[in-house]
Amino acid sequence: LSHLCFADDLLMFYKGDSKSVAILMKSFDIFSNASELKMHSSKSQLYYNGVKGPEKSALENITGMSKGEIPFKYLSVNVSSKKVIYG
């Protein structure tokens, strides 16, 4: 799973290193220039799993996004890093 889209929302999943994120941000720039659609860093957040402290700061600097907290709600659904058990 690399991404999920709904309406004008996009959830991206990627390797959490500076090189991968820099390539991702360059791709966003190319897309924005071609489509005139813009990403709002102030409305976007980063969620980490297995990323060390110094790398987190580097990713926040590259993207201009702040760190989000898991779990969070997306379209009224709880998103968590843990398995959900119903019943």
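The sections below set out a description of the structure shown in this document. (Residues numbered from 1 in each chain as written. Predicted model: local features only at pLDDT ≥ 70, side-chain atom pairs only at ≥ 80, totals over all residues. Heavy atoms only, no water.)

1. Some points on the layout of surface pockets
Next, step 1: Taken as a whole, the largest pocket encloses approximately 1500 Å³ of empty space.
Next, step 2: Listed by contribution, the elements that provide at least two residues to the lining of the largest pocket are strand 1 (3-6), strand 2 (9-12), helix 1 (18-35), strand 3 (45-46), helix 2 (53-63), strand 5 (72-74) and strand 6 (77-79).
Next, step 3: The dominant element in the lining of the largest pocket, judged by the number of residues it contributes, is helix 1, at 5 residues. (1 Å grid on protein atoms, 1.4 Å probe; cavity = no way out; pocket = protein on both sides within 12 Å on 5 of 7 lines; lining within 4 Å. Points joined across faces, edges and corners; volume = space filled by probe spheres on them. Helix = DSSP H or I, 4+ residues; strand = E, 2+ residues; numbered from the N terminus.)

2. Remarks on the packing of aromatic side chains
Next, step 1: Within this structure, the stated rule accounts for 1 aromatic pair.
Next, step 2: Centre to centre, the rings of Y47 and F72 are 4.2 Å apart; their planes meet at 20 degrees, and the pair counts as stacked. Here F72 lies in strand 5 and Y47 lies in the loop between strand 3 and helix 2, a separation of 25 residues in the sequence. (Phe/Tyr/Trp six-rings, centres within 6.5 Å; stacked < 30°, edge-to-face > 60°.)

3. Observations regarding the pattern of salt bridges
Here the idea is simple: oppositely charged side chains can pair when their charged atoms come close.
Next, step 1: Across all of its chains, the model carries 1 salt bridge by this definition.
Next, step 2: We note a salt bridge from E69 to K67, for which the minimum N-O separation is 2.9 Å.
Next, step 3: Given a relative accessible area of 52%, E69 falls into the exposed group. (Salt bridge = Lys/Arg side-chain N within 4 Å of Asp/Glu carboxyl O. Buried < 20%, exposed > 50% of the residue type's maximum accessible area, 1.4 Å probe, protein only.)

4. Observations regarding helix 1
Quick reminder: α-helices carry 3.6 residues per turn. Residues three or four places apart thus point the same way.
Next, step 1: For helix 1, built from 18 residues, the straight-helix expectation of 26 Å at 1.5 Å per residue is met to within 8% by its first-to-last C-alpha distance of 25 Å.
Next, step 2: Here helix 1 has its buried residues at V21, L24, M25, F28 and S32. On an axial view of helix 1, the arc spanned by its buried residues comes to 95 degrees, and they lie on one face. In helix 1, the exposed positions angled more than 90 degrees off the buried face are occupied by K19, I23, K26, I30, N33 and A34.
Next, step 3: Tucked inside the fold, the buried residues of helix 1 contact strand 2 and helix 2.
Next, step 4: Its side-chain oxygen at 3.1 Å from the backbone nitrogen of K19, D17 defines the N-terminal cap of helix 1.
Next, step 5: Immediately beyond the C-terminal end of helix 1, within one or two residues, lies E36, with a positive phi of roughly 65 degrees. (Expected span 1.5 Å × (residues − 1). Arc of directions from axis to C-beta. Contact = heavy atoms within 4.5 Å. Polar contact = N/O pair within 3.5 Å; in protein donor to acceptor, adjacent residues only side chain to side chain.)

5. Brief notes about a nonpolar patch on the surface
Next, step 1: A cluster of nonpolar side chains, contributed by L10, M12 and Y14, occupies part of the molecular surface with about 240 Å² of accessible area.
Next, step 2: Looking at the secondary structure, you find L10 in strand 2.
Next, step 3: Given the relative accessible area of 41%, L10 is considered partly exposed. (Patch = residues over 30% accessible without salt bridge, like charges linked within 9 Å, V, L, I, M, F, W, Y side chains within 5 Å. Areas by Shrake-Rupley, 256 points an atom, 1.4 Å probe, with all protein chains shown as cover.)

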